[in-house]
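Understanding the architecture of this molecule
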There are 2 protein chains.
Amino acid sequence: MKWLQDKTEQVILGSGSPRRRELLQLMQISFQVDKSTSEEVPHSSEPWEVVMELATQKASEVADRHRDGNLVIGADTIVALNDRILGKPADEAEAAEMLYALQGKTHQVYTGVCLIRQTGTEQQKEVFYECTSVHVAEMTDREIADYIATGEPLDKAGAYGIQGYFAPFITGIEGDYYNVVGLPVHALYRHLFGTKK
Amino acid sequence: MKWLQDKTEQVILGSGSPRRRELLQLMQISFQVDKSTSEEVPHSSEPWEVVMELATQKASEVADRHRDGNLVIGADTIVALNDRILGKPADEAEAAEMLYALQGKTHQVYTGVCLIRQTGTEQQKEVFYECTSVHVAEMTDREIADYIATGEPLDKAGAYGIQGYFAPFITGIEGDYYNVVGLPVHALYRHLFGTKK
């Protein structure tokens, strides 16, 4: 299925994240932002189920306000360390606890994406997710404290942003880098415009 | 060996690349830019030898102007597809040829880094490199033409920038993302400030 015929079609990004906005701009499509406001609570437990469920809740809420056939994109990103799911830390103490857990280990970042086109009462929907493995270096107490002092951890799943001052502590990744930032750019592009041939 | 005692020491980046400047800023160190101007010609043939040789040529040229004990960082990045080394394309035709070669395949990006501290006639030097594998999606003729029209390919090794409009065509990477952008941020950070005990 190909969701867009060309790059001039209007798209609605159902996320207030400035990072997701920048990533969508890399696809050179025209879009507006209408972010979801409800506090999503997942019922599922596996990380890929959680991100697809939350992305769907976000997209559904926004699509309900746009029944004109415009495509709505919802997304949700979480960090999974072994069986534990890390969302956004509530405060600096929780951020520190998350960073201590992540340092010296490999974790997974899941981003779920939900595409919804609502025309009156008719709805088309597609949901998918992408997983990227991230290797974090061992960090000293000082390095963790200094990183928290940058203020970056508080609004980010897993208490870090791969594109900011945490960069020196990422030894490497496997998979789509942009998926860690907040959108699986390649996978989303192919869902929107189809594959070659 | 640990090159810097703390983040207030003055460092000189021997590269005019705005991307390398942004990456060095992620380490929160103070630095100035003094770019190398000579046209480097490598004598070696293996990609890791080439990037270390060119990074050393750049750092040496700049260090020669700074014999005051300040650390100079030189870097060079190339793309290697099988046995072929891709530098910056000379024109749009060569850019197109490179992109056709890269699409649908996995290639390697090598960045070499040379650190030099010159105090009078005494010199300390260290050279290393990092390799990242990059998987590129199959692309249509139209997608390649559209990407060339963005103007991004011309000043970039392998005719693409991973951080720009080429993002939708990167299916994934293995290794340090920033190494593909132009500096192996983690490895450089550890060389500068040492590893955790």
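Looking at the relation of the copies chain A and chain B
- When chain A is fitted to chain B, the residual RMSD is 0.0 Å, and the transformation amounts to a turn of 180° plus an axial shift of 0.0 Å. Read as a symmetry element, the transformation amounts to a two-fold axis. Within chain A, the C-alpha atom positioned nearest to the axis of rotation is that of E174(A), 2.3 Å from it.

What to know about empty space enclosed by the protein
- Overall, the coordinates contain one cavity of 30 Å³ or more when judged by the stated rule.
- Around the largest cavity sit G175(A), D176(A), Y177(A), Y178(A), I162(B), I170(B), I173(B) and Y177(B), which together line it.
- Of all the secondary-structure elements, those providing two or more residues to the lining of the largest cavity are α5 (177–181) of chain A together with β7 (170–175) of chain B.

Notes on the pairing of strand β5 (residues 106–119) of chain B
All names here are of chain B.
- Summarising burial for β5: eleven of the 14 residues are buried, a large majority.
- Here eleven bridges tie strand β3 (residues 68–81) to β5, and the two strands are oriented antiparallel to one another. By the bridge assignment for β5, L71 is matched with R117.
- Relative to strand β6 (residues 122–136), β5 runs antiparallel, the two sharing 14 bridges. Opposite G112, over in β6, you have Y129 as the bridge partner.

As for the interface of chain A and chain B
- Each partner contributes to the interface: chain A provides 34 residues, whereas chain B provides 33 residues.
- Taken together, chain A and chain B are joined by two salt bridges.
- One salt bridge connects R190(B) with E143(A), and the closest N-O pair in it is separated by 2.9 Å.
- Elements represented by at least two residues in the side of chain A that touches chain B include exactly β7 (170–175), α5 and α6 (185–193) of chain A.
- The element best represented in the side of chain A that touches chain B is β7(A), accounting for six residues.
- Tallied by class, residues from the side of chain A that touches chain B come to 15 nonpolar, eleven polar and eight charged.
- Taken together, the three bridges between β7(A) and β7(B) define a ladder with antiparallel strand orientation. Counted as the bridge partner of I173(A) is G175(B) from β7(B).

Overview of the pattern of salt bridges
- What the rule picks out here adds up to 20 salt bridges over all chains.
- Two residues, E9(A) and R117(A), come together in a salt bridge whose shortest N-O distance is 3.8 Å. Here E9(A) is found in the segment before β1 (11–13), whereas its partner R117(A) is found in strand β5 (residues 106–119), with 108 residues between them in sequence.
- With relative accessibility at 14%, the residue R117(A) sits in the buried group.
- Residue R19(B) pairs with D155(B) through a salt bridge whose shortest N-O separation is 3.8 Å. Placement of R19(B) in helix α1 (residues 18–25) and of D155(B) in the loop between α4 (141–149) and β7 is noted, with a sequence separation of 136 residues between them.

Things to note about the packing of helix α3 (residues 92–102) of chain A against helix α4 (residues 141–149) of chain A
Residue and element names in this part refer to chain A.
- It is the contact of α3 with α4, at a shortest axis distance of 10 Å, that shows an interaxial angle of 135°. With respect to α4, the axis of α3 lies oblique. You can see that α3 and α4 cross each other, and the crossing is right-handed. Where α3 approaches α4, its residues E92, A95, A96, L99 and Y100 are matched on the opposing element by D141, I144, Y147 and I148.
- Of the residues that constitute the contact of α3 with α4, the class distribution is seven nonpolar, no polar and two charged.

A look at α6(A)
- Of all nine residues that make up α6(A), nine are buried, and the element is covered over most of its length.
- Looking only at α6(A), the buried set comprises V185(A), H186(A), A187(A), L188(A), Y189(A), R190(A), H191(A), L192(A) and F193(A).

Quick word on the packing of aromatic side chains
- Tallying each qualifying case throughout the model produces 21 aromatic pairs over all chains.
- Ring centres 5.2 Å apart and planes at 50° place the aromatic pair Y189(A) and F193(A) in the tilted group. Of this pair, Y189(A) and F193(A) both sit in helix α6, four residues apart, which is roughly one turn of the helix.
- Judged by centre distance (5.2 Å) and plane angle (85°), the ring pair of Y177(B) and Y178(B) falls under edge-to-face.
- Residue classification places Y178(B) among the buried residues on the basis of a relative accessible area of 5%.
- Following the ring pairs from residue to residue traces out a cluster consisting of Y147(A), Y160(A), F166(A), F169(A), Y189(B) and F193(B).
- Above the ring of F193(A), the side-chain terminus of K7(A) is found at 5.7 Å from the ring centroid.

Quick word on the environment of K88(B)
Residues and elements named next belong to chain B.
- For K88, the position within the fold is in the loop between β4 (84–86) and α3 (92–102).
- For K88, a relative accessible area of 59% puts it in the exposed group.
- Each C-alpha atom of the pair K88 and G158 lies 6.1 Å from the other, and the pair is 70 residues apart in sequence.

Some points on the nonpolar core
- The biggest cluster of nonpolar side chains holds 104 residues, and the ones touching the most others in it are Y160(A), L188(A), L192(A), Y160(B), L188(B) and L192(B).
- Residue contacts for L192(A): discarding those within four places in its chain leaves K2(A), W3(A), L4(A), M27(A), I29(A), L71(A) and L115(A).

Brief notes about unusual backbone geometry
Residue and element names in this part refer to chain A.
- We note that N82 has phi near 50°; this positive angle belongs to a residue other than glycine.
- Along the chain, N82 falls in the loop between β3 (68–81) and β4 (84–86).
- Owing to a relative accessible area of 65%, N82 belongs among the exposed residues under this scheme.

Thresholds, definitions, all that
- Residues numbered from 1 in each chain as written.
- Chains lettered and ligands numbered in written order.
- Predicted model: local features only at pLDDT ≥ 70, side-chain atom pairs only at ≥ 80, totals over all residues.
- Heavy atoms only, no water.
- Least-squares fit on C-alpha atoms with pLDDT ≥ 70 in both.
- 1 Å grid on protein atoms, 1.4 Å probe; cavity = no way out; pocket = protein on both sides within 12 Å on 5 of 7 lines; lining within 4 Å.
- Points joined across faces, edges and corners; volume = space filled by probe spheres on them.
- Helix = DSSP H or I, 4+ residues; strand = E, 2+ residues; numbered from the N terminus.
- Buried < 20%, exposed > 50% of the residue type's maximum accessible area, 1.4 Å probe, protein only.
- Pairing = 2+ DSSP bridges.
- Contact = heavy atoms within 4.5 Å.
- Salt bridge = Lys/Arg side-chain N within 4 Å of Asp/Glu carboxyl O.
- Nonpolar A, V, L, I, M, F, W, Y, C, P; charged D, E, K, R; others polar.
- Axes fitted to C-alpha atoms, helices over the stretch in contact; angles between N-to-C directions.
- Parallel < 35°, antiparallel > 145°, perpendicular 65-115°, else oblique.
- Left-handed = near helix turned anticlockwise from the far one by under 90°.
- Phe/Tyr/Trp six-rings, centres within 6.5 Å; stacked < 30°, edge-to-face > 60°.
- Lys NZ or Arg CZ within 6 Å of the ring centre and 35° of its normal.
- Core = buried A, V, L, I, M, F, W, Y, C linked by side-chain atoms within 4.5 Å.

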